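Examining the three-dimensional arrangement
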Amino acid sequence: MHAILTNLIQPMSLTGDLKSDVHTFLTANGSPHTATHCMEVGSEARRLAERFHADPEAAEIAGWLHDISTVIPNHERIEAARQLQVDILPEEERFPMIIHQKLSKVMARDIFKVTDEEILNAISCHTTLRAKSTLLDQVVFVADKIAWDQTGTPPYIDKLTDSLNTSLARGAFAYINYLWERKETLRVVHPWLKDAYEELVADFGG
Ligand SMILES: [Fe+2]
Ligand SMILES: [Fe+2]
């Protein structure tokens, strides 16, 4: 394991119980708010997986782990990504917050020993989605938007909830479309988000 990651698990001992280990990891590294958020996204992802016939276990695991890289401060993320051999896009270099999805994937694999590629990929695209997204990608993406990490009610929630009554992909599109309508206000438009938007808008319209 890379020294960057070893340092993060130094202050704690992992028990093998993933849910509590993720919670401990986040709180021990000064991110109790993210710990709560990750637990909530895990529960929401399980619910969505049950509703839309994805794998509930996998969904819950991806939800717990999706934001674990929050423990790496924003200004250190690009350098961490470089050292961990994560592929860095120009948009990520300009707005490092957005690379946390890829860093969480590496940490889930190297620290928490997740080997299931489906889970790792769902973690890796939870902020932007991607082209040809899987059912599990969509479950985790939507769960993170329902159980969002800010206070109050998400402004897109009614549209998203309505759309879920049609399908999971419609729900994912409702959120992406919401972002797309505001894309001038976004710091960057990540190419994976653009790919996902173009694919879904072709199916569902703008
Ligand atoms: Fe995130
Ligand atoms: Fe999140």
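First, a word on scope: everything that follows refers to the structure included in this document. Note that the coordinates shown come from a computational prediction; the quantities given were computed from them, not determined experimentally.

Rules and cut-offs
- Residues numbered from 1 in each chain as written.
- Chains lettered and ligands numbered in written order.
- Predicted model: local features only at pLDDT ≥ 70, side-chain atom pairs only at ≥ 80, totals over all residues.
- Heavy atoms only, no water.
- Helix = DSSP H or I, 4+ residues; strand = E, 2+ residues; numbered from the N terminus.
- Rg over C-alpha atoms; globule rule 2.2 N^0.38 Å.
- Buried < 20%, exposed > 50% of the residue type's maximum accessible area, 1.4 Å probe, protein only.
- Contact = heavy atoms within 4.5 Å.
- Areas by Shrake-Rupley, 256 points an atom, 1.4 Å probe, with all protein chains shown as cover.
- Lys, Arg positive; Asp, Glu negative; His and termini not counted.
- Charge placed at Lys NZ, Arg CZ, Asp CG, Glu CD.
- Donors = N, O, S within 2.8 Å, 3.2 Å for Na, K, Ca; no water.
- Tetrahedral: all angles 85-135°; square planar, octahedral: opposite > 155°, others 65-115°.
- Core = buried A, V, L, I, M, F, W, Y, C linked by side-chain atoms within 4.5 Å.
- Polar contact = N/O pair within 3.5 Å; in protein donor to acceptor, adjacent residues only side chain to side chain.

1. Some remarks on the overall build of the chain
Scanning the chain from N- to C-terminus turns up 12 helices and zero strands. Listing the helices and strands of the chain from first to last along the sequence gives α-α-α-α-α-α-α-α-α-α-α-α. Computed over its C-alpha atoms, the radius of gyration of the chain comes to 16 Å, within 12% of the 17 Å expected for a compact globule of 206 residues. With the C-alpha coordinates of the chain rotated into their principal frame, the extents come out at 50 × 35 × 30 Å. Every one of the 206 residues in the chain was classed for burial, and the buried ones make up 51%. Across the chain, contacts joining residues at least 24 apart in sequence account for 57% of those joining residues at least 6 apart. With an accessible surface of roughly 9,600 Å², the chain has 50% of that area assigned to carbon and sulfur atoms. In the chain, which carries 20 positive and 30 negative side-chain charges, the distance between the mean positions of the two groups comes to 4 Å.

2. Comments concerning the coordination of the iron ion (ligand 2)
Only His 37 (NE2), His 66 (NE2), Asp 67 (OD) and Asp 144 (OD) from the protein reach the iron ion (ligand 2) as donors, at distances of 2.1 to 2.2 Å. Geometry at the iron ion (ligand 2) is irregular, judged from the four donor atoms that bind it and their angles of 84 to 172 degrees at the metal. When the donor residues of the iron ion (ligand 2) are listed from N- to C-terminus, their spacing reads H-x28-H-D-x76-D. In this model, the iron ion (ligand 2) sits 3.5 Å from the iron ion (ligand 1), the two metals being bridged by Asp 67. Here the residue His 37 occupies a position in helix α3 (residues 32–52), and His 66 occupies one in the loop between α4 (56–65) and α5 (77–83), the gap between them amounting to 29 residues. Taking relative accessible area as the criterion, His 66 reaches 0% and is therefore assigned buried.

3. Regarding the nonpolar core
In this structure, Val 22, Phe 25, Leu 65, Ile 68 and Met 107 are the most contacted members of the largest nonpolar core, which totals 65 residues. No other element matches α3, which puts eight residues into this core. Not counting chain neighbours up to four residues away, the residues in contact with Val 22 comprise Met 39, Trp 64, Leu 65, Ile 68 and Phe 112.

4. A closer look at the coordination of the iron ion (ligand 1)
Note on the iron ion (ligand 1): its protein donors are Asp 67 (OD), His 100 (NE2) and His 126 (NE2). The metal-donor distances range over 2.1 Å. Counting the intervening residues between successive donors of the iron ion (ligand 1) yields the motif D-x32-H-x25-H. On the basis of relative accessible area, Asp 67 is assigned to the buried category, the value being 5%. Using a relative accessible area of 8% as the deciding quantity, one classes His 100 as buried.

5. Comments concerning the environment of Ser 133
Positionally, Ser 133 belongs in the loop between α8 (117–124) and α9 (135–146). Judged by relative accessible area, which is 16%, Ser 133 ranks as buried. As for Ser 133 and Cys 38, which are separated by 95 residues in sequence, their C-alpha atoms are 21 Å apart. At 3.1 Å, the side chain of Ser 133 and the side chain of Gln 138 are in polar contact.

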